[in-house]
Amino acid sequence: MLVETGHYALWLAGAMAFLQALLPTFCADRRTACALAVSAAKTQSALLTFSIAALGYGFIANDFAVRYIAAHSNSLLPWYYRLTAVWGGHEGSLLLWIEILGLWSAALAVRSKALPDDLRAKILAVLGAISLGFITFIGFTSNPFSRALPAPFDGADLNPLLQDPGLILHPPLLYTGYVGFAVAFAFVVAGLWQGRLDTLWLRRARPWTLAAWLALTLGIALGSYWAYYELGWGGWWFWDPVENASLMPWLIGTALLHSLIVSEKRGAFLTWTALLAILAFSLSLIGTFLVRSGVLTSVHAFAADPTRGIYILALLVAITLPAFILLIQRAPALASRAPYALLSRETGILANNWLMTGACLIVFTGTLYPLAADSLNLGKISVGAPYYNRLIVPLALASLILLGIGPLLRWKNDRARRLVPRLAAVLALALAATLLTLTLADTWQTRTALAVFAAMTAAAAIIVDTTDRLRHRLPITRAYSGMTLAHLGYLITALGITATGLYSNEQDHSLKRGSVLDFAGYRLTLVDLETREGPNYTATVGKILVQKTDGTPVTVLLPSKRNYHSSTMPMTESARHITPTHDLYLALGEAINADTWAVRLQYKPYIIWIWLGALIMAAGAALAALPQRKVG
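Residues numbered from 1 in each chain as written. Predicted model: local features only at pLDDT ≥ 70, side-chain atom pairs only at ≥ 80, totals over all residues. Heavy atoms only, no water.

**Details of the overall build of the protein chain**
- Secondary structure assignment for the protein chain yields 17 helices and ten strands.
- Projected onto the principal axes, the alpha-carbon positions of the protein chain cover approximately 80 × 75 × 55 Å.
- Counting every position in the protein chain, which comprises 632 residues, the buried fraction comes to 55%.
- A separation of at least 24 residues holds for 73% of the contacts in the protein chain among residues at least 6 apart in sequence.
- Computed over 47 positive and 33 negative side-chain charges, the inter-centroid distance for the protein chain is 15 Å. (Helix = DSSP H or I, 4+ residues; strand = E, 2+ residues; numbered from the N terminus. Buried < 20%, exposed > 50% of the residue type's maximum accessible area, 1.4 Å probe, protein only. Contact = heavy atoms within 4.5 Å. Lys, Arg positive; Asp, Glu negative; His and termini not counted. Charge placed at Lys NZ, Arg CZ, Asp CG, Glu CD.)

**Some details on the packing of helix H12 (residues 345–375) against helix H13 (residues 385–403)**
- At their nearest, the axes of H12 and H13 sit 10 Å apart, and the two run at 165° to each other. One element, H12, and the other, H13, form an angle in the roughly antiparallel class. At the point where H12 passes H13, the crossing takes the left-handed sense. In contact with Gly348, Ala351, Asn352, Leu355, Gly358, Ala359, Ile362, Val363, Thr365, Gly366 and Thr367 of H12, H13 contributes Tyr387, Tyr388, Leu391, Ile392, Leu395, Ala398, Ser399 and Leu402. (Axes fitted to C-alpha atoms, helices over the stretch in contact; angles between N-to-C directions. Parallel < 35°, antiparallel > 145°, perpendicular 65-115°, else oblique. Left-handed = near helix turned anticlockwise from the far one by under 90°.)

**Quick word on the environment of Phe519**
- Mapped onto the elements of the fold, Phe519 is located in strand S2 (residues 516–519).
- Since its relative accessible area comes to 3%, Phe519 is described here as buried.
- Ignoring sequence-local partners within four residues, the contact set of Phe519 consists of Asn505, Gln507, Leu524, Leu584, Leu601, Gln602 and Tyr603.

**Quick notes on the pattern of salt bridges**
- As enumerated under the stated definition, the model contains 16 salt bridges in all.
- Arg471 serves as the salt-bridge partner of Asp468, at 2.9 Å between the closest nitrogen and oxygen. Of the two residues, Asp468 and Arg471 are both situated in helix H15 (residues 446–471); the distance of three residues between them amounts to about one turn of the helix.
- By relative accessible area, Arg471 is classed as exposed at 57%.
- For the salt bridge of Glu590 with Lys561, the shortest nitrogen-to-oxygen distance reads 3.8 Å. Taken as a pair, Glu590 in strand S9 (residues 582–593) and Lys561 in strand S6 (residues 560–564) lie far apart in primary sequence, 29 residues in all.
- Salt bridges sharing common partners tie together Glu4, Asp63 and Arg147. (Salt bridge = Lys/Arg side-chain N within 4 Å of Asp/Glu carboxyl O.)

**Concerning the layout of surface pockets**
- Taken as a whole, the largest pocket holds about 1,500 Å³ of empty space.
- Around the largest pocket, the lining is made up of 45 residues, and of these Trp236, Trp239, Asn389, Val393 and Ile497 lie nearest the centre.
- Among the elements of the structure, helix H8 (199–230), helix H9 (241–266), H12, H13, H15, helix H16 (478–503) and helix H17 (608–625) are those that each provide at least two residues to the lining of the largest pocket.
- With ten residues, H13 is the largest single contributor of residues to the lining of the largest pocket.
- Counted by class, the lining of the largest pocket contains 33 nonpolar, ten polar and two charged residues.
- Of the residues that make up the lining of the largest pocket, three or more belong to each of domain 2 (162–414) and domain 3 (416–503 + 610–625).
- Approximately 1,200 Å³ is the volume found for the second largest pocket.
- Elements supplying a minimum of two residues to the lining of the second largest pocket: H8, H9, H12, H13, helix H14 (416–440), H15, H16 and H17.
- Taken together, the residues of the lining of the second largest pocket break down into 23 nonpolar, twelve polar and ten charged.
- Among the domains, domain 2 (162–414) and domain 3 (416–503 + 610–625) are the pair contributing at least three residues each to the lining of the second largest pocket. (1 Å grid on protein atoms, 1.4 Å probe; cavity = no way out; pocket = protein on both sides within 12 Å on 5 of 7 lines; lining within 4 Å. Points joined across faces, edges and corners; volume = space filled by probe spheres on them. Nonpolar A, V, L, I, M, F, W, Y, C, P; charged D, E, K, R; others polar. Domains from an automatic or database assignment.)

**A short note on the domain arrangement of the protein chain**
- Examined at the domain level, the protein chain breaks down into domain 1 (1–158), domain 2 (162–414), domain 3 (416–503 + 610–625) and domain 4 (506–607).
- Using C-alpha coordinates to define each centre, domain 1 is positioned 43 Å away from domain 4.
- Roughly 380 Å² is buried in total at the junction of domain 1 and domain 4, and carbon and sulfur atoms are behind 50% of that figure.
- The largest per-residue losses of area from domain 1 upon contact with domain 4 belong to Leu76, Pro78 and Asp157, which jointly make up 80% of the total buried on that side.
- For the pair domain 1 and domain 4, the number of links is zero salt bridges. (Buried area = accessible area lost by both parts, 1.4 Å probe.)

**Here's the deal with empty space enclosed by the protein**
- Considering all chains together, one arrives at one cavity of 30 Å³ or more under this definition.
- In this structure, the largest cavity occupies an estimated 40 Å³ of space.
- Around the largest cavity sit Pro407, Ala461, Ile462, Asp465, Tyr480, Met483, Thr484 and His487, which together line it.
- Every element with two or more residues in the lining of the largest cavity is listed here: H15 and H16.
- Among the elements that take part in the lining of the largest cavity, H16 stands out by supplying four residues, more than any other.
- Across the lining of the largest cavity, the residue classes break down as five nonpolar, two polar and one charged.

**Description of unusual backbone geometry**
- That bond from Leu149 to Pro150 is cis: its omega, -5°, falls within 30 degrees of zero.
- Residue position: Pro150 is located in the loop between helix H6 (117–141) and helix H7 (166–194).
- Phi at Arg473 takes a positive value of approximately 55°, unusual for a residue other than glycine.
- Within the chain, Ala520 stands out as a residue other than glycine whose phi angle is a positive 50°.
- On the secondary structure map, Ala520 appears in the loop between S2 and strand S3 (522–533).
- Take Ala520: its relative accessible area is 33%, and that puts it in the partly exposed class.

**A closer look at the UniProt feature "domain: Cytochrome c-type biogenesis protein CcmF C-terminal" (unreviewed entry) in the protein chain**
- Sequence positions flagged by UniProt for "domain: Cytochrome c-type biogenesis protein CcmF C-terminal" (unreviewed entry) are, in local numbering, residues 313–626.
- Along residues 313–626 the backbone is 53% helical and 24% strand, and the end-to-end C-alpha distance reaches 36 Å. (UniProt positions renumbered as here; feature names shortened; annotations may be inferred.)

**A look at the nonpolar core**
- Judged by nonpolar contacts, the single largest core of 155 residues is most densely connected at Trp97 and Phe134.
- Looking at this core, the element that brings in the most residues is H7, giving 16 residues.
- Those residues in contact with Trp97 that sit more than four places away from it in its chain are Phe134, Tyr175, Tyr178, Val179, Phe281, Leu285 and Thr288. (Core = buried A, V, L, I, M, F, W, Y, C linked by side-chain atoms within 4.5 Å.)

Put into structure tokens, the structure is as follows:
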């Protein structure tokens, strides 16, 4: 009965979304319109929360009379995976998407009292319209509450790939980032609707955009780490179309954050800011389309029903086309009246916008062109890592070099006489650090030297700029500290990608019980193989003693191969010895005989830096989003 109540709550939330979108548009009194929109947003969020909680209760209670629960759960599934299975399939993950949108709307309704009533009402109206479109979609094409008659005795079980702690946080974080860009989108559309974008709008929009970017950064990083340890391949990024779909709004969101700074401080780049806000959310919707349309095959894809894809495509057009039309109409009024010289921070941020937009265009083309070619019967085209690496890497290096220049520039106009000594100091520090790094390295390539020099240039700029501020007693605000942390995280991630991409070592071997193998400075001994019973699987676990080649004990690793009772697909559970400078990665392959197994061994230098850098970037965004106050 509670599950049915959740179904009714979903439709009532749709009614609230309708009122939230409609009343502010037609109500003549601004204060009344705002109050109605705020009440509708709060009520809608509460109803959506109850709806998804009711579905969660159905999973916990093993209510297999609900078709979605029967398809994605099982009585043997541990309770925590039953709970996260709520978003383990198409219908439930879409309900989570809408629930997060409702939470963003309610948070904005509560935290936007400083905005003018008419602007606040219009922002909430835009969010209500988006919510209405998706609630209609889920209600008519993807209902997670539909009944299975007759009800099966037990469920089919959750996809074994998803029976992992990563499912607990990865989708909610990713969706929080995706949907969070709807707030910046709503700010822009409301501002264009009113015919003006001013500094109040910009100041209030930036923390929301930072929060969305932070969540998306963590979501992408967690998904990458999940793929690294769960799939057994040792890779952390595969240029999968759905991975790319999350990267595109991140790139545009990064450009948007920088553009917002210029618009807030100088009143410039208003057209850029509006365009990037619209694009960031549009690309989030495109990601939703790719996952749920059935146009691609991916470990991330949820649905294979083209009618759902058509609906989402129509929704994408209905949401974004009016925004682009408004932007074109208002563009003359957004023209910048704040001049800036070629040698200025504005120019540096403009260059960053072009780099991020160019990288996004490369990913967009590589992702969608094969799908377009296939749909037009032009043949199957595969776009893989060589395409992306050849085009993205130069832009990434350029962005690191830009990080070494941009923070040193002054707003509006700078002088070469002031800038040259600082740049000379940056280049000297970067060159010295690069030479030291290459001297300490066992081996290096030209690409290594270029990447290290670019990253060290960015690091040196942080040192020189911070020193300059302290010397001149300039305030170090939270915004500045957050920016510095984010830039530091970016260069750490870049160094991790470079090291693991160029110097990883991978070997496949067969290990017999009691046999010894030397690999990458370690001595590995297969001590034992044992069978373990899990709650819904049987696992073969290898006990591998890891020592240094001189016999010094290091650790014991336990890679395993799981066979789930409800699935014929075996799952590889890797084991890793993690250090600050490298990972030793082991994964069991197939059994050769009773005592011998194929084993994949990988040495991954500095791979942990990829995710460490992402965490530092997220910490920087969190610090910058806090109310501004001098910290030193």
